[in-house]
Each structure stands twice: as structure tokens, then as C-alpha cells.
Amino acid sequence: MAQKFEYIKSNGQTLRVAVSGDGPLVLLIHGWPESWYSWRHQIQALSAAGYKVAAPDVRGYGGSDKPEPIEAYDMANMTADMAGLVGAMGREPAVVIGHDWGAPIAWNTALLHADKVRAVAGLSVPYTGPGPAPFIEIAKKIYRDQFFYQIYFQDPGIAEAELEADVRDALRKIYYWISGEGLCTRTLDNKPADAKLLDGMEDPGQLPPWMSAEDLDYYVSQFKESGFRGPLNRYRNHYRDFEFLSSHGDKKILQPAAFISGTLEPVLNFVPGVDLIANMRKKLGDLRIVEMIDGAGHWVQQERPDEVNATLLRFLSELS
């Protein structure tokens, strides 16, 4: 079932949304550096199963609006975009599912706009709540003597220049870097603190089997159009997000929830000695599924679409 694009106003922005199928609404939120296209396998499977599937380009990406200010990409705005999109599509409440940065957006949309969300799932990034301090401060203490990409992303213009110098080269390396294929042969690079993102990053030459040349061509076309400023601005709101989310207390997410991840997921090891999945269990009131896919890396729904689709369909069927 082919998707079509709709351009939908939400929270003062126009979002390009890939839409397919008919039935209860499932909203799919992508992460960095991705696109609605990251969900191509799920759009097909979920719409064929009787759901109306909507996969937007998050603001700053692809065919959606790209506001300039850093604060336009804070969690208050990102969650309001998704809640507004659910309302505009007239099928609320929706099941909201996110991957990478899309996962915190999905989790927090469920928390902050509970009337719009009947169930929530996160891929790769578990729900953490606001935590004891802004995550970037925690990261600066943990990684004070070595490179950490989110610290590198903080100063506007630096990462943009590196990534936009050769978009195809950058994306090819990034997608391989934290894929199952890349991670099973090494741990994340321990680079000096003053390194750049792509320094020492292996060039796979040949793409992993889950990404075709045409897939990479599409991603490259999207980032050549959008640039990287909007996508990177999401990383520059840690302090603003911490203040905003902390003001909502330590409330649990009460909707039915699911978490799916590859066993090689690097995010799960960002904070040494902290079990992020165990921590998540304390903050979700109705966690029904935790699915760990053996050997999968960060791009789990693209690397292992059959397993992810089966788990999502099982989760959805239990909601009926």
C-alpha cells in the first residue's frame, strides 16, 4: 500500500506527513539523522494490518518547515507538534511510536498531551524522565577527557559544516557506525575530546544489506535540501528541556507502553553503571512489552523490520 504526502498545519508549522491506510491512527516519529522514510517498512506493514499510519518529517527535516532559532526545537515545541498533528488528523487518541530522538518526543507527548495518546512505544531510547540534571551536564562529566557527539554538537555551525561538506560520505559513515554490522566488530570509538564526529569513523565502502543504494540516495537528497541546522538544534535544548520537564514533576506515563531495541544499542550504555531499562520500568505505569532484538544496532526498525513489525503488531493487537 503506497503512502501519499499530506502537508498538515500543527503548532504554527507545516509538516510533511507520509500517510497510508485507514483505521485507528498510528503516528511514527523519526530521529537523527533520519526522515519519514526511516519507517518505510512499518508504514507498509501497519497500514496493511488495518491502521492509518502517519509518519511526519519532524520540523527541521525534509519537506517540513525549518525554523531557525535553537529554541524552536525544544521538547515543548516538538511534543506540541505531534499532539497538534494527531488533533489535525481527527483520529485521536493515537498510538505514538518514536525512534532515537523520536522516542523521547513520543514518551513526552504521552506524558504532556495524554488526551492525544492512547498508547506509546519507544525504539532504541528508553524513557528516562528529566533526570537529576540536564543530560548534557552529566555527559560532560562522564566524557570530559574523550569525544562525545552530543557535546560536539553544542556549538552552532561546527557540526553543520563538517556534515554538509559531503552529505553522502557523512550519512554513509554514520549509518554504518552504529548499525549492528558496525557495532559487532568494535565498541564505540574512544577519540580525544577535540576530535570531530567523522574523525576515525570507518567507511564501510559497501552498504549493509538493510540499506540499498536507493535508500541512501533518498536520505542524501533530503539532507541536501534541509541541511543539518534544524536537526542538530534538537541537541542544543538540554537545559531548556530539563527546566520544562522538571516543572511537570515525577509523573508516570500511564498509557500502555512498549520498548524495542537492538541488543547492541549504544544508547543503553551512555551512562556507565545505570540500567536505563530498569529505570524506565519504574516510570511507566503499564509497560507491556520489552523486546530486545539480538545483534541489532541503533537503526533497529530498518535493520530488522520483520521483528520490529511483528512486535508492534502484537502490541497494537493487545490494545483492541
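Relevant structure appears above.
As the structure is a prediction and not an experimental result, all values here were calculated from the model.

Chemist: Just to check I follow, could you spell out the pairing of strand S3 (residues 25–29) for this structure?
Modeler: Of all 5 residues making up S3, 5 are buried, and the element is well covered by its neighbours. Here 3 bridges tie S3 to strand S4 (residues 52–56), and the two strands are oriented parallel to one another. Counterpart to Val26 in the pairing with S4 is Val53. As a crossover connection, the stretch from S3 through helix H1 (residues 40–48) into S4 is right-handed.

Chemist: So what exactly am I meant to see when it comes to the sheet that holds strand S6 (residues 117–123) here?
Modeler: What links the strands of a sheet is backbone hydrogen bonding, and the strands pair in either a parallel or an antiparallel sense. Pairing is mixed in the open sheet, where 8 strands are placed in the order S1-S2-S4-S3-S5-S6-S7-S8. The open sheet is flanked by strand S1 (4–10) and strand S8 (287–293), the only strands paired with a single partner. Ignoring which end each strand starts from, the neighbouring axes of this sheet average 20° apart. For strand S5 (residues 94–99) and S6, the ladder comprises 6 bridges, and the chain directions are parallel. Within S6, the position partnered with Ile97 by the bridge is Ala121. The sheet strands contacting helix H12 (residues 276–283) are strand S7 (257–262) and S8, and the helix crosses S8 at an angle near 165°. Across the sheet, helix H14 (residues 305–319) touches S3, S5, S6, S7 and S8, and the angle it forms with S8 is around 170°.

Cut-offs used in this document
- Residues numbered from 1 in each chain as written.
- Predicted model: local features only at pLDDT ≥ 70, side-chain atom pairs only at ≥ 80, totals over all residues.
- Heavy atoms only, no water.
- Buried < 20%, exposed > 50% of the residue type's maximum accessible area, 1.4 Å probe, protein only.
- Helix = DSSP H or I, 4+ residues; strand = E, 2+ residues; numbered from the N terminus.
- Pairing = 2+ DSSP bridges.
- Right-handed = clockwise from strand over helix to strand, strands pointing away.
- Axes fitted to C-alpha atoms, helices over the stretch in contact; angles between N-to-C directions.
- Contact = heavy atoms within 4.5 Å.

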